Amino acid sequence: MHSKLTFSKYSLAMIAAGAAIISSPTFALNIFVCEPEWEALLTSHAPNATIYSATTAKQDPHYVQARPSLIAKMRQADMAMCSGAELEVGWLPMLQARSSNRAVQNGAPSMIYASDFIGMLDTHDHVDRSMGDIHAAGNPHVQFAANQMISLSHVITERLKNIDPDNVPLYQENGSKFRTHWQQKMNEWSEKAAPLRGKQVVGYHETYRYLYDWLGMKQVADLEPKPGVSPTTSHLQSLTKLDANTFDVIVYSSHQNQRPANWLHEFTDKPIIQLPLTVSKGQRLDEMVDQVIDDLLDVLVTPEPEAP
Amino acid sequence: MNKKFLSLAVGSLMASSAYANTLSNPQIGVVLDGYYQDGERNNSERSEGFGLGHTELNMSANIDDKFFGSLTTVIESHGDETELLLEEAFIETLALPYGLNVRAGRFLSDFGYLNNQHMHTDSFSERPVAYRTFLGSHYYDDGVRASIVLPTDMYVKFGVEALSGGKMSSVEDASTVGVYMANLKLGNDFSDSSSWQFGLSYLRNENGKVSEFEDDHSHDSDHDHDHSHAAAITGSNLYGADLVWKWAPDGNYKYSNLTLAAEYMLLDGVVGSEYKDNTNSPDNLSAYYVSGVYRFNPSWSAGVRYGEAESYSGSPAHFHAINDTEMDLMIAWNASHFGTIRAQYSRVENQESHKSSETDNVFTLQYTMTFGAHAAHAF
């Protein structure tokens, strides 16, 4: 009798201690993201979480070292989110393997690939490396698929609720707040960006494929001879022969070398725009979309006063 | 109507099976490595003239949600002979708690910095002379490994291995489990643009000490003929320290980056204590290398490496101390991420205690290309 009592007392204490650990208010989710845009998106959904981004806005996410600090961060993650579609294929699998963390292995609900929930563009049945660095699963630069963030937000909310059941109301509330706000912004953007419809671009990599698709713009030529292959003189030479009427602007990203764009600019006199690759530090995802649309409007539309 | 339905059904069947294939197929990757070489480096796997280096066929996949499996075969040809070697055939856990990981089968030992990396990811056409002398270029073996990564912001990994040790054995009746290895890896970022990793390793070789000598000069002449992939020199204890530092402007590795690496190894218990007082008796043999590789644009990189390794030849009656030094200069062109053409010049100096030193110039022109699945690279 006596021993039974102490046992139950002991187990009660254990349960209490366990519960205290699990439901302690200081418990914060540790989230690992591959790119800063997912940090921005997740901050809106889980403001209490500690989020670490493997890359910065100045780094090309195709070329990242599987460095020790990233393995250490991956080891501690309760959840991870990346673009997917093989964008991170050169380093993420190494981090997953070396971290020995179940939560970040493929197939775990706490490992989210954005491209699994986005209507992918440019998928290929047949991929050959002679075509350059292309991905069978489609273009992986899904951070600019603004018109699909609401469905992504639903997925994130569900996963967060699943991983951290103690904070379900918080995730529910933040998720719906995000979606309401995003819907408002979508209405605002589609009105504001209407003058961009039909604009044609010479780009540097297919980074803005989803943005152009959404806004009705088109990338007619690429400074890269093939995806992922750096611009060559002979390829740039061929671009100078493009009919000047077929494009309006040259676009490159903040992390890229600006020389090829300048070079084409000197030959064609077309304006250049540097667009962000991702959010800047502390920027929200909708602020990034605001910035991209404003940057495009500044150069492409403001000179002709056509304000509605 | 019926036809339409049929074609739709067939179409969707094909589409879904194609999708399923990409999911369930193992990752298959091939590495092609060929070269022309003028001269030969000491304790090297590459001989003079045209040759094929490390031609690899790798297959790997998640077996289920708990295990990962990988198989790497290496095809090497030396003259008329073609060898098929099994370099890796292991399973590894995916779902152990607390950052634990267990690997079993045949695999590359985690000793030092370079050893666990595949040769085709190297920046130079051969492993440093330290590796060629003490580890048989790269040491793989049958056994088990357990490792743990601590949940800290600084990368801290501790690992232990138990291996058969056959390739490291210098005795006739070797212990079944000949090699034990323990290592510690630490690493972190200095800033967005630079990162470091430091490692300490200890390898205990139960069969490493040479106690019986058959006849004069048997020890080194053995290894000159066949490419046995065994270590040229063994001892009871091998200690290693390694340091790597990588830098890229803003941490963007696409356009330019710099890698500096250095390793030091110390081997002791080389011959039985009864020979300790003989002239030139080898004990405490050391080896090291330092290297720097700078990628100055996406297609071109250049590097320099300097290394030394102490070894010995002969038998107790006439031990000879050997000191190999090697200076390598290389330049490499990357057609893409998957193909490299490399030119390397090495100045090799072999100093034996009973001879005057020999100096050799070795020139290698080499390609290393991969197709199929391309595994992510380690730091």
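None of these values were measured; they are calculated from a predicted model.

## Notes on the pairing of strand S15 (residues 318-336) of chain B
All names here are of chain B. Inspection of the sheet shows strand S14 (residues 300-315) paired to S15 by 16 bridges, in the antiparallel sense. Bridged to Glu 310 within S15 is Asn 323. Counted between consecutive antiparallel strands, the loop separating S14 from S15 contains 2 residues. Where S15 lies against strand S16 (residues 339-352), 14 bridges are found, and the strand directions are antiparallel. Pairing of Met 327 across the sheet is with Arg 347, part of S16. Hairpin connection, S15 to S16: the antiparallel pair is bridged by 2 residues.

## Digging into the nonpolar core
In terms of nonpolar packing, the biggest core is built from 53 residues, with Met 81, Leu 196 and Leu 296 of chain A touching the most fellow members. Looking at which element gives the most residues to this core, the answer is helix H10 (residues 285-300) of chain A, with 8 residues. Dropping the residues within four chain positions of it, Leu 196 of chain A is found in contact with Leu 215, Gly 216, Met 217, Ile 293, Leu 296, Leu 297, Leu 300 and Val 301 of chain A. Residues Phe 134, Ala 231, Val 270 and Tyr 312 of chain B belong to the second largest nonpolar core, which totals 36 residues.

## A few points about the confidence of the model for chain B
Residues and elements named next belong to chain B. Per-residue pLDDT for chain B averages 88, and the proportion of residues at 70 or more is 90%. Note that residues 1-21 has pLDDT below 50 and, in this model, 0 contacts with residues that lie over four places away or in other chains. Low confidence marks residues 216-226, where pLDDT is under 50. Its contacts with residues over four positions away, or in another chain, come to 13 contacts. Confidence metrics for the complex model read pTM 0.88 and ipTM 0.88.

## Focus on the pairing of strand S6 (residues 100-108) of chain B
Residues and elements named next belong to chain B. Examined bridge by bridge, strand S5 (residues 81-93) and S6 share 4 bridges and lie antiparallel to one another. For Phe 90, the partnering residue across the bridge sits in S6 and is Gly 105. Counted between consecutive antiparallel strands, the loop separating S5 from S6 contains 6 residues, among which Tyr 98 sits at a positive phi close to 55°.

## Describing the interface of chain B and chain A
Across the contact, 40 residues belong to chain B and 35 residues belong to chain A. Both sides of the chain B and chain A interface together cover about 3,200 Å² of buried area, and 50% of this is carbon and sulfur. Inspection of the region where chain B meets chain A yields 4 salt bridges. Note that Asp 189 of chain B and Arg 67 of chain A form a salt bridge whose closest N and O atoms lie 3.1 Å from each other.

## A few points about the packing of aromatic side chains
Under the criterion given, the structure shown has 15 aromatic pairs over all chains. Through a chain of ring-to-ring contacts, three or more aromatic side chains come together here, namely Phe 178, Trp 182, Trp 189 and Trp 214 of chain A. When the ring centre of Tyr 140 of chain B is taken as origin, the NZ or CZ atom of Lys 167 of chain B, which lies over that ring, is 3.4 Å away. Lying over the aromatic face of Phe 124 of chain B, Arg 305 of chain B brings its terminal NZ or CZ to 4.5 Å of the ring centre.

## Concerning a negative patch on the surface
Residue and element names in this part refer to chain B. On the surface, Asp 38, Glu 40, Glu 48, Glu 358 and Asp 360 cluster together into a patch of negative charge. Relative to the elements of secondary structure, Asp 38 occurs in strand S1 (residues 27-38). Residue classification places Asp 38 among the partly exposed residues on the basis of a relative accessible area of 41%.

Cut-offs applied
Residues numbered from 1 in each chain as written. Chains lettered and ligands numbered in written order. Predicted model: local features only at pLDDT ≥ 70, side-chain atom pairs only at ≥ 80, totals over all residues. Heavy atoms only, no water. Pairing = 2+ DSSP bridges. Helix = DSSP H or I, 4+ residues; strand = E, 2+ residues; numbered from the N terminus. Core = buried A, V, L, I, M, F, W, Y, C linked by side-chain atoms within 4.5 Å. Buried < 20%, exposed > 50% of the residue type's maximum accessible area, 1.4 Å probe, protein only. Contact = heavy atoms within 4.5 Å. pLDDT = per-residue confidence, 0-100. Buried area = accessible area lost by both parts, 1.4 Å probe. Salt bridge = Lys/Arg side-chain N within 4 Å of Asp/Glu carboxyl O. Phe/Tyr/Trp six-rings, centres within 6.5 Å; stacked < 30°, edge-to-face > 60°. Lys NZ or Arg CZ within 6 Å of the ring centre and 35° of its normal. Patch = residues over 30% accessible without salt bridge, like charges linked within 9 Å, V, L, I, M, F, W, Y side chains within 5 Å. Areas by Shrake-Rupley, 256 points an atom, 1.4 Å probe, with all protein chains shown as cover. Lys, Arg positive; Asp, Glu negative; His and termini not counted. Charge placed at Lys NZ, Arg CZ, Asp CG, Glu CD.

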